Amino acid sequence: TAYFACVQDLKGKRILISAGGTREPIDPVRYIGNRSSGKMGYALAEEAAKRGAVVTLISGQTALTASSRIDVIKVETAKQMQDHIEEKFADSEIIIMAAAVADYCVEEVASQKIKKSAKTLTITLKKNPDILLNLGQKKTKDQFLVGFAAETQKLLAFAKEKLERKNLDMIIANDVSKKNAGFNTDTNIVKIITRDKSVEDVPMMKKTALASIILDRIKSLYNSET
Ligand code: CTP
Ligand code: CA
């Protein structure tokens, strides 16, 4: 089958991937979410597994199903995502944060459904932990850490700043305001930035094809740097 015909160039590599958007509850029936479909993270997980990697996928709620060779853990909130990622982190060689993690959660989640009353409703949000930032601080020299940057302006400057601040080995910069790129599309247009600040422009392509290119770049750097 196609699976066995594929080059097993990531054989046995332990790869941890996050995908999809988190949901932050407001009350028992409502949440704050985002437009992430999970397609990029799932494409990375499938491609890595095809190439022989041992893949754990920490997934927000998505409409996608991963193939059975991938170990999937479904989560709802950023905090739950962080707990599962931190549990698997030490045992992972390559870590890719493709998830759209909510930056804030609701400070006081209502235990009962909020009834409509006044003309305006104010909900106070508090900052979520930055999962990737924490991983960057704990990372050992044998681990390769990859982040994504979702931007609507100053793509390169903001992405480079995140690479540096979060101590990443690579960042995939996404201009999410472009057509055919970013959230909830089958294609993406990205720039791949590495520690030496070199920038590779990747033209529009299917997220499945992009997943393969990203893994190629990770593989060659992982072999030379770690
Ligand atoms: N990320 C994370 N935990 C968070 C927020 C983001 O791990 N609480 C990760 C994302 O998975 C992504 C990277 O950090 O790999 C960058 O996410 P992004 O939203 O682009 O950047 P932020 O650092 O959250 O900054 P901002 O949203 O203000 O641009
Ligand atoms: Ca963010």
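What you see is a predicted model, and the numbers here were worked out from it, not measured in a lab. (Residues numbered from 1 in each chain as written. Chains lettered and ligands numbered in written order. Predicted model: local features only at pLDDT ≥ 70, side-chain atom pairs only at ≥ 80, totals over all residues.)

**A look at the overall build of the chain**
At step 1: Broken down by element type, the chain carries 6 helices and 12 strands.
At step 2: The C-alpha radius of gyration of the chain comes to 18 Å, within 12% of the 17 Å expected for a compact globule of 226 residues.
At step 3: Each of the three principal axes of the chain carries a C-alpha extent, and together these read 60 × 40 × 35 Å.
At step 4: Out of the 226 residues belonging to the chain, those deemed buried represent 39%.
At step 5: Residue pairs at least 24 apart in sequence account for 62% of intrachain contacts in the chain once pairs closer than 6 positions are excluded. (Helix = DSSP H or I, 4+ residues; strand = E, 2+ residues; numbered from the N terminus. Rg over C-alpha atoms; globule rule 2.2 N^0.38 Å. Buried ≥ 20, exposed ≤ 12 C-beta atoms within 10 Å, placed from the backbone. Contact = placed C-beta atoms within 7 Å.)

**Regarding the site of ligand 1**
At step 1: Close to ligand 1 lie 14 residues, the nearest being M97, V101, I131, L132 and G147.
At step 2: Elements represented by at least two residues in the shell around ligand 1 include exactly α4 (131-138) and β9 (144-151).
At step 3: Tallying contributions element by element places β9 first for the shell around ligand 1, with 4 residues.
At step 4: Along the lines of polarity and charge, the residues of the shell around ligand 1 split into 9 nonpolar, 2 polar and 3 charged. (Near = placed C-beta within 6 Å. Nonpolar A, V, L, I, M, F, W, Y, C, P; charged D, E, K, R; others polar.)

**A word on helix α5 (residues 155-165)**
At step 1: Every buried residue of α5 is accounted for by L155, A159, K162 and L163. Within α5, the buried residues cover an arc of 100° as seen down the axis, which keeps them to one side. Exposed residues on α5 whose side chains face more than 90 degrees from its buried face are A157 and R165.
At step 2: Buried residues along α5 sit in contact with β9, β10 (170-175) and β11 (187-194).
At step 3: With its phi angle positive at about 55°, N167 sits one or two positions after the end of α5. (Arc of directions from axis to C-beta.)

**Here we look at the sheet that holds strand β5 (residues 71-74)**
At step 1: Taken in spatial order, the 8 strands of this open sheet run β5-β4-β1-β6-β9-β10-β11-β12, and their pairing is mixed. Each edge of the open sheet carries a strand with a single partner, namely β5 and β12 (199-206). The sheet shows a mean angle of 15° between the axes of neighbouring strands, taken without regard to direction.
At step 2: Docked against the sheet, helix α2 (residues 39-50) engages β1 (14-19), β4 (54-59), β6 (94-97) and β11, running at close to 160° with respect to β1.
At step 3: Each of β6, β9, β10, β11 and β12 is contacted by helix α6 (residues 207-225), which is oriented at about 150° to β12, the strand it contacts most. (Pairing = 2+ DSSP bridges. Axes fitted to C-alpha atoms, helices over the stretch in contact; angles between N-to-C directions.)

**Some thoughts on the nonpolar core**
At step 1: In this structure, I17, L44, A45 and I171 are the most contacted members of the largest nonpolar core, which totals 57 residues.
At step 2: No other element matches the 7 residues that α2 contributes to this core.
At step 3: Aside from chain neighbours lying at most four places away, what touches I171 is G147, F148, A149, A159, K162, L163 and I193. (Core = buried A, V, L, I, M, F, W, Y, C linked by C-beta atoms within 7 Å.)

**What to know about the packing of α2 against α6**
At step 1: Relative orientation of the contacting elements α2 and α6 amounts to 60°, with a least axis distance of 8 Å. As judged from the angle between their axes, α2 and α6 are oblique. Pair α2 / α6 crosses with right-handed handedness. On the side of α2, the interface is formed by K39, M40, A43, L44, E47 and A48, while α6 contributes K207, T208, A211, S212, I214 and L215.
At step 2: When grouped by side-chain class, the residues that make up the contact of α2 with α6 number 7 nonpolar, 2 polar and 3 charged. (Parallel < 35°, antiparallel > 145°, perpendicular 65-115°, else oblique. Left-handed = near helix turned anticlockwise from the far one by under 90°.)

**Quick word on the UniProt feature "binding site: CTP" (unreviewed entry) in the chain**
At step 1: Taking the numbering used here, the UniProt-annotated feature "binding site: CTP" (unreviewed entry) corresponds to D103, K113, P129, D130, I131, L132, F148, K162 and K166. The named residues occupy 64 residues along the chain; their greatest pairwise C-alpha distance, 37.8 Å, places them well apart from one another.
At step 2: Considering the arrangement of structural elements, one finds L132 in helix α4.
At step 3: Of the residues examined, L132 has 25 C-beta atoms within 10 Å and is grouped as buried.
At step 4: Each residue touching L132, except ones within four places of it in the same chain, is listed here: M97, G147 and K166.
At step 5: Within the fold, K166 resides in the loop between α5 and β10.
At step 6: In this structure, K166 is in contact with L132, L133, G136 and G147, ignoring residues within four places of it in sequence. (UniProt positions renumbered as here; feature names shortened; annotations may be inferred.)

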